[in-house]
Amino acid sequence: MYKNLVNTFLLSFITFFSIAQDTSLETINEFIKNNQENVGIPYEQIGEIEIVSSASSLQKNTRHVYVRQRVNDLPILNGLANFSLKNGQIQTMANRLVAVPTTVSSIHRIEPSAAVQILMKRYNVQLNQTLNVEQVTPHTFHISRPIGLTSDINIQKVYYHHEGSIHAAWQIEMDLLDDDFWWSTTVDAQTGNILFENNWVSQCNFTNCTFTNHKQHLYEKPMQSSQIAQPDQYTVFALPLESPNHGNPSMVVNPADSLSSPFGWHDTNGSTGAEYTITRGNNVHAYEDADDDNAPGYSPDGGSVLEFNFAYNPNVQPSSNQDAAITNLFYMNNMMHDIWYRYGFDEASGNFQETNYSGVGQGGDYVRAEAQDGGGTNNANFATPPEGNNPRMQMYLWTGGSSIANILNVNSPSPIAGSYQGAEAGFGPGLTSPITADLVLLD
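Residues numbered from 1 in each chain as written. Predicted model: local features only at pLDDT ≥ 70, side-chain atom pairs only at ≥ 80, totals over all residues. Heavy atoms only, no water.

S.K.: Would you take a moment to explain the sheet that holds strand 18 (residues 392–397) for this structure?
M.R.: Strands pair in a sheet through their backbones, by hydrogen bonds, and they do so in one of two ways: parallel or antiparallel. Pairing is mixed in the open sheet, where five strands are placed in the order 11-17-18-16-14. Of all strands in the sheet, those with a lone pairing partner are strand 11 (201–203) and strand 14 (284–288), marking the two edges. Across the sheet, the mean angle from the axis of one strand to that of its neighbour is 25°, orientation sign disregarded. (Pairing = 2+ DSSP bridges. Helix = DSSP H or I, 4+ residues; strand = E, 2+ residues; numbered from the N terminus. Axes fitted to C-alpha atoms, helices over the stretch in contact; angles between N-to-C directions.)

And the structure:
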């Protein structure tokens, strides 16, 4: 009976949401028609409008709606606008709508395979095979993963407004073996020119950073060793700790938020009971990727009672800490999901989940969190493709210690005497006492 009530509620909610979408679109079209001076484009040149996404705000009775123009049943990628509606009335508009001429060519002279070859040459990918293009829908195409790429290639017929004109184009998603680049590129379907490039990978940049201006607060948090292991528990560097430099691990029990993750962190089907006993669930799949193939590697297993109680030892090689590291990565991703959900990054807003329990938005986009990734060092990155596609987090190993300091002192000869910056190795025990010895420089 309870399950039937839940299903009835969800069906009613989805129906209400669909009606709200239709009402919002009607309101937006009416607003555009009656506010020509603010919009800046004659209404007859707007073309068709579609809602791309719609999400409720934490502000009472407020909804944010994003729309996109269409012509010839294809989206104009950069013909966009977003609106804030309160009590069904438009309060603000951010306008990037473009003028659409009466006639727009629908001819894509360059074939999808030719457009892909243009990008492979641009991104220095060696093409050693024939590209077999599969048509999925009248406007979308697919190429199974070619050699030299991480995943399949998705291609879509689109339009793009460029230099005052509407261009027939291909939007192509290409995930390179180089972990720093996952491209969404728009190619002119008439000329083959690149109209727009967007790299979905965001990363830190530590170029020329010596860490000398960075400070961190170190403190000790006692390990709660008296705690007894319980079902659904994790030994981690729990928030608000930032890293092992900021405190000691502790045990958290049943940490999933009842609103953000109502069926726990290991569920995917919206029913009581975990679908996975490893570090995988609705929000994230955490695993090692030491060989840098962007495919799931090892994940620790908590057993039927989900006890992820793995010790962290800072004095051993990172590979010996995989269980603890991956568990901590799983914990942090889930905590970010649950906290941000409370602040509005929910299913309707396009968050990262395998199953959207409300039925709103697209699922199938849990985070793939790769621990001890072999694709780099001293950094991390996060790739965020569109809603419905899995984002990828890559956490690299650090080759240095927690900071760089003047740990090398040269006493003689005088021309090179002085203090020099250096860092302890990222593995093995740290330096416990000064070491004094003679060094010989070999050419």
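S.K.: Teacher, can you tell me more about the layout of surface pockets here?
M.R.: Using a probe with the size of a water molecule, rolled over the atoms, empty space left in the structure can be pinpointed. As a volume, the second largest pocket reaches approximately 1500 Å³. If you list the elements that add at least two residues to the lining of the second largest pocket, you get helix 1 (2–34), strand 1 (48–56), strand 2 (62–71), strand 3 (74–86), strand 7 (153–162), strand 8 (165–175), strand 9 (182–188) and strand 10 (194–199). Tallied by class, residues from the lining of the second largest pocket come to 18 nonpolar, 19 polar and six charged. (1 Å grid on protein atoms, 1.4 Å probe; cavity = no way out; pocket = protein on both sides within 12 Å on 5 of 7 lines; lining within 4 Å. Points joined across faces, edges and corners; volume = space filled by probe spheres on them. Nonpolar A, V, L, I, M, F, W, Y, C, P; charged D, E, K, R; others polar.)

S.K.: What is the right way to look at the side chain of Glu50 in this model?
M.R.: Considering the arrangement of structural elements, one finds Glu50 in strand 1. Residue Glu50 is classed as buried on the basis of its relative accessible area, which comes to 18%. Looking at Glu50, its side chain comes within polar contact range of the side chain of Arg70, at 3.2 Å. (Buried < 20%, exposed > 50% of the residue type's maximum accessible area, 1.4 Å probe, protein only. Polar contact = N/O pair within 3.5 Å; in protein donor to acceptor, adjacent residues only side chain to side chain.)

S.K.: Just checking my understanding: could you explain the nonpolar core for this structure?
M.R.: Nonpolar side chains in soluble globular proteins tend to be buried together. Residues Val116, Met120, Ile153, Ile155, Tyr159, Ile172 and Met174 are the most contacted members of the largest nonpolar core, which totals 29 residues. Among the secondary structure elements, those contributing two or more residues to this core are strand 3, helix 3 (112–122), strand 6 (140–143), strand 7, strand 8 and strand 9. The element contributing the most residues to this core is strand 8, with five residues. If we ignore the near neighbours within four places in the chain, the residues touching Met174 are Val116, Leu119, Met120, Tyr123, Leu149, Ile153, Phe181, Trp182 and Trp183. (Core = buried A, V, L, I, M, F, W, Y, C linked by side-chain atoms within 4.5 Å. Contact = heavy atoms within 4.5 Å.)

S.K.: Help me out: how do you make sense of helix 3 in this one?
M.R.: Since there are 3.6 residues in each turn of an α-helix, residues three or four apart along the chain are aligned in direction. Of all the positions in helix 3, only Pro112, Ala115, Val116, Leu119 and Met120 are classed as buried. All buried residues of helix 3 project into a common sector of 145° when viewed along the axis, lining one side. For helix 3, the elements touching its buried residues are strand 5 (133–137), strand 6, strand 7, strand 8, strand 9 and strand 10. Asn124 sits one or two residues past helix 3 and shows a positive phi near 60°. (Arc of directions from axis to C-beta.)

S.K.: Would you mind showing me how to read the sheet that holds strand 15 (residues 307–308) here?
M.R.: What the three strands build is an open sheet, ordered 13-12-15; its pairing is mixed. Every interior strand has two partners, whereas the edge strands, strand 13 (250–253) and strand 15, have only one. Strands in contact with helix 4 (residues 322–342) are strand 12 (233–236), strand 13 and strand 15; relative to strand 12, the strand with the most contacts, it is inclined by about 110°.

S.K.: Help me understand unusual backbone geometry, please; the structure alone is not making it clear to me.
M.R.: Negative phi is the rule for most residues except glycine; trans is the rule for most peptide bonds. Pro240 follows Leu239 through a cis peptide bond whose omega is 15°. The omega angle of the peptide bond from Ser412 to Pro413 is 5°, so this bond is cis rather than trans. By secondary structure assignment, the location of Pro413 is in the loop between strand 19 (405–410) and strand 20 (418–422). You will see that Asp73, though not glycine, has its phi angle at about 65°, which is positive.

S.K.: Which parts of the structure should I look at to understand the confidence of the model for the protein?
M.R.: Detailed reading of predicted coordinates is not advised where the pLDDT is low. Of all residues in the protein, 83% attain a pLDDT of 70 or more, and the chain-wide mean is 83. Least confident of the elements in the protein is helix 1, whose mean pLDDT is 60; most confident is strand 14, at 97. Here residues 1–19 is a poorly scored stretch, pLDDT under 50, and it has nine contacts once near neighbours within four places are set aside; other chains count. (pLDDT = per-residue confidence, 0-100.)

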